[in-house]
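Next come the chains, spelled out residue by residue.
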Amino acid sequence: MYTDQINIAETHWDVLVIGAGNAGLCAAITAAEAGCSVLVLDSAPRDMRGGNTRHTRNLRAQHDAPTDVLTESYSLDEYYDDLLRVTKGVTNESLAKMTLEKSAELTGWLGARGVRFQPALTGTLNLGRTNAFFLGGGRAMLNSLCRHAEGLGVVFRYDTEVSAMNLDDGFCEGVTLGDNTEVTATKVIATAGGFEANLDWLAEGWGDAAQNFLVRGTPYNKGVVLRSLLDQGIKPVGDVDQCHAVAIDARAPKYDGGISSRIDGVPFGVVVNKHAKRFYDEGEDFWPKRYAIWGRLVAAQPDQIGYVIVDKIGAGRFMPSVFTPISDDTLEGLAGLLDLDPQTLGQTVDEFNAACPPAPIDQSILDGKATSGLNPEKTNWAAPIAVPPFYGFPLRPGITFTYMGVAVNDKAQILMADGTPSPNLFAAGEIMAGNILGQGYLAGIGMTIGGVFGRLAGGSAARMLNKGTGE
Ligand SMILES: Cc1cc2nc3c(=O)[nH]c(=O)nc-3n(C[C@H](O)[C@H](O)[C@H](O)COP(=O)(O)OP(=O)(O)OC[C@H]3O[C@@H](n4cnc5c(N)ncnc54)[C@H](O)[C@@H]3O)c2cc1C
């Protein structure tokens, strides 16, 4: 029988996986390889499958020596130090260490299932040593995993939203679909992403500002599964306003704009708010270490809008965004095009220029070329904005994914409010990322968390079903 002829509601599945992104596919494949019957449900249509995973480029992996896809070494200690620095210690130490340790296996595991890697791309985020890049990006990676999963007999249903998780004291009896049918399985793995596409839920943490957020990824991660779990006594983890958010071009679409709308020009000019005033040190640190704070910074400004202003020289220092910059030969003209007060913008830039140190700047190092006498100062790469044409990029907060999720243990079992594990519920990926990421972000760790916990969830489910697993 073709798999699309199977009546999924009349079949009792060993393992039900909710969400066909990286985490869900790693879980489904692991369970299927152990001999489980596996159904994967995804609310997106087939051509939009793979949630936020479609947009990814790489994953961060520990390695003690160069591998076929990673250069030099990236020790466990260094990785853990990096994580502690960005999260400021808000992480579950034992789960975090386990995740980083297991990250070492991921490229080999994925490679054996058809995923191909490529040398790191050059650009502003220099990650060649620490991160393995997917050849063809996240979509190609997903297609390989889907093909492998289908070959193992995993059944996929797209356009199929899980609207409720049917729990009885932490035991999942099944799930209800959008059309009110029920699907049952012995083990259920929640990999349905965060709630970043649910602006009303985001408003619980951000207030009305959330309506001005642009969602960089899938419109389908609305947190329906997460909400249903939390409403039924599952232990939450993480704060509602913690997320990964970057500054993206305000002209990007509301959903699914992906990586190309990111604006990398911040360190090479000034950023002003709608009152044409600067509000933060644009040169605080190298951009790969700072890009993920600018979403929050812009979100805190009036009407959640900002503008990067650079001149001809600055514009040559970063990778352009997909949108054509707004430009004019005079600052006054640019201010008019950006709807900023020309006088105030002129004054902001004049003051900035007057506070800049002698040229030149060196963008390859933290050059300490700082302004003096401004509030806030720009502490590196401060060069006058003086050579026309002048360029402006409007900025909005672009939310990548949320961190509030369900608490899990080291077998990827979902925990009840009192800390006891559910007998048959597991989670992986964004929906539990807050166990590792209390705040902050380390580029590439989203896919690492999903890969490690996806494999754990699929392996734990299979083991509890007494199915053979090498995991
Ligand atoms: C633009 C962008 C670039 C990124 N780049 C990187 C990168 O290079 N490296 C990195 O590590 N991370 C990156 N991330 C983060 C990364 O995408 C996520 O951490 C990772 O993909 C999460 O995987 P997941 O399987 O948990 O969720 P997803 O891949 O989002 O999959 C969740 C799936 O669940 C489905 N779903 C949701 N609700 C339901 C429901 N109720 N019923 C059924 N199905 C449902 C969705 O349709 C979706 O297919 C990026 C994110 C974005 C947006």
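Residues numbered from 1 in each chain as written. Predicted model: local features only at pLDDT ≥ 70, side-chain atom pairs only at ≥ 80, totals over all residues. Heavy atoms only, no water.

**Details of helix H3 (residues 93–103)**
And then number 1: Listing the buried residues of H3 in full gives Leu95, Ala96, Met98, Thr99, Leu100 and Ser103.
And then number 2: Against the buried residues of H3 lie strand S3 (58–60), helix H2 (76–87), helix H4 (106–111) and helix H13 (445–464). (Buried < 20%, exposed > 50% of the residue type's maximum accessible area, 1.4 Å probe, protein only. Helix = DSSP H or I, 4+ residues; strand = E, 2+ residues; numbered from the N terminus. Contact = heavy atoms within 4.5 Å.)

**Observations regarding the sheet that holds strand S5 (residues 131–134)**
And then number 1: What the three strands build is an open sheet, ordered S3-S5-S4; its pairing is antiparallel. Of all strands in the sheet, those bounded by a partner on one side alone are S3 and strand S4 (117–118).
And then number 2: Pairing geometry for S3 and S5, over three bridges, is antiparallel. Note on S5: the bridge partner recorded for arginine 60 is asparagine 131. (Pairing = 2+ DSSP bridges.)

**Let's talk about the pattern of salt bridges**
Should the charged atoms of two oppositely charged side chains come close, the side chains can pair.
And then number 1: Counting across every chain of the model gives 15 salt bridges.
And then number 2: A salt bridge links glutamate 33 to arginine 113, with the nearest nitrogen and oxygen atoms 2.9 Å apart. Of this pair, glutamate 33 sits in helix H1 (residues 22–33) while arginine 113 sits in the loop between H4 and S4, placing them 80 residues apart in sequence.
And then number 3: Look at glutamate 33 and you get partly exposed, because its relative accessible area is 35%.
And then number 4: Residue aspartate 264 is joined to arginine 262 by a salt bridge in which the shortest nitrogen-to-oxygen separation is 2.8 Å.
And then number 5: Taking the relative accessible area as the measure of exposure, aspartate 264 reaches 2% and is therefore buried.
And then number 6: Since its relative accessible area comes to 10%, arginine 262 is described here as buried. (Salt bridge = Lys/Arg side-chain N within 4 Å of Asp/Glu carboxyl O.)

Shape descriptors only; they carry no functional weight alone.
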